[in-house]
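# Examination of the molecular architecture
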Amino acid sequence: MTTAEPALVYKEYMGSWTLDDIPWQSFDPSRLDPEIVRIVKAAALVEFNGGAYARHLCKVFADDPEFRVRAERWGGEEIQHGEALARWAQLADPEFDFPAAVARFRAGYNIDFDIDSSRRGSRAGEMVARCVVETGTSSYYTALREASAEPVLQEICRRIAADELRHYRLFYKHLRVCLARERLGRWGRLRIALGRVVESEDDELAYAYYVANEAADEPGLPYDRRRCSRAYFRRAFGLYRAHHVERMVSMVLKTVGLTPNGRLGRWAGALVWWAMRRRVARLARAAA
Ligand SMILES: [Fe+2]
Ligand SMILES: [Fe+2]
């Protein structure tokens, strides 16, 4: 970012709500879906860990104080997402011990964030990866809101999905700034974006699901990435509808510099939706 750029250009990205804005008194236990409670617990742990990513971004952009301020604010919003989801999960399941789950999650899941450079090879690459994550979360919380009948969770998801979309815009805007200084073509961006999508299947979500659910239900049950990943994604992917997937694909295409609204966007959206339905059906058969 150049110093000539107005300091308030990112004002729109400031957080706009707190936990006090959530109508907790409207919680309706008769509208709970136990399957949704399980994935909300896992999401709470991953979101609450957002501070670690924010610290990493501050190192990657060490000489960019304006962006560091935004990264810190972004990390604070991700932590708040975790707090809101955890509070809801504790209403849904009073036995859910969030602090204990956080301690266990952090003890068992570790990414080396102490490096000073991006694992994506460049700052632009780091922004591509962040855009993909925010694309995934904004569509996920939209799908979760539409699938849930519980009014407090709907409100939490509405607020979080709006934040995630704002985060996408923040990182997309900074990607444009980075691309003015670095060479990272469409294929390079596409490779990083697809790599980040595949990475979603790594331990983070699977281990969070394990800690929040299986380890609590059945103490002593060992962690198995394949089993926990299947259990998580069967529930999470099952929430999506075609319009969520189409939007997700168009945001990723935009990130990598491809036209999101043309024929390519329609084909890619239809292909990903087909693949996702197939995957959900396969996971459901395996669980039966
Ligand atoms: Fe979030
Ligand atoms: Fe986010």
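Our subject is the structure that appears above.
Residues numbered from 1 in each chain as written. Chains lettered and ligands numbered in written order. Predicted model: local features only at pLDDT ≥ 70, side-chain atom pairs only at ≥ 80, totals over all residues. Heavy atoms only, no water.

## Focus on the coordination of the iron ion (ligand 1)
Heads up, the rule is: For Na, K and Ca the donor cutoff is 3.2 Å, while for all other metals N, O and S atoms count as donors only within 2.8 Å; water does not appear among the atoms, so some sites may look incomplete. Here a helix means four or more residues in a row that DSSP labels H or I, a strand means two or more in a row labelled E, and each is numbered from the N terminus. A simple rule labels every residue: compare its accessible area, found with a 1.4 Å probe on the protein chains alone, to the largest value its type can have, and call it buried under 20%, exposed over 50%, or partly exposed in between.
For the iron ion (ligand 1), the full set of protein donor atoms is Glu-47 (OE), Glu-47 (OE), Glu-78 (OE), His-81 (ND1) and Glu-164 (OE), and the range of their distances to it is 2.0 to 2.6 Å. As a motif over one chain, the donors of the iron ion (ligand 1) read E-x30-E-x2-H-x82-E. A distance of 3.7 Å spans the gap from the iron ion (ligand 1) to the iron ion (ligand 2), which Glu-78 bridges by coordinating each metal. Note that His-81 is positioned in helix α3 (residues 65-92) and Glu-164 in helix α6 (residues 151-179), a separation of 83 residues in sequence. Since its relative accessible area comes to 0%, Glu-164 is described here as buried.

## Side note on the coordination of the iron ion (ligand 2)
Coordination sphere of the iron ion (ligand 2), protein contribution only: Glu-78 (OE), Glu-134 (OE), Glu-134 (OE), Glu-164 (OE) and His-167 (ND1), at 1.9 to 2.8 Å. Expressed as a motif, the donor residue spacing for the iron ion (ligand 2) is E-x55-E-x29-E-x2-H.

## Some details on the packing of α6 against helix α10 (residues 242-256)
The cut-off we apply is this: To get an axis, fit a line to the C-alpha atoms, keeping to the stretch in contact for a helix; angles then go from 0 to 180 degrees between the N-to-C directions. Orientation is classified from the angle alone, with under 35 degrees giving roughly parallel, over 145 giving roughly antiparallel, 65 to 115 giving roughly perpendicular, and any other angle giving oblique. Handedness of each helix crossing follows the sense of rotation of the near helix against the far helix: counterclockwise by less than a right angle gives left-handed, clockwise gives right-handed. The contact criterion used throughout is that any non-hydrogen atoms of two residues lie within 4.5 Å. Gly is put with the polar residues, along with every residue not named as nonpolar or charged; the nonpolar set is Ala, Val, Leu, Ile, Met, Phe, Trp, Tyr, Cys and Pro, and the charged set is Asp, Glu, Lys and Arg.
Packing of α6 against α10 brings their axes to within 11 Å, and their N-to-C directions diverge by 20 degrees. Put simply, α6 runs roughly parallel to α10. Between α6 and α10 the crossing geometry is left-handed. Between α6 and α10, the contacting residues are Leu-165, Tyr-168, Tyr-172 and Leu-175 on the first element and Arg-247, Met-251, Lys-254 and Thr-255 on the second. Looking at side-chain class alone, the contact of α6 with α10 contains five nonpolar, one polar and two charged residues.

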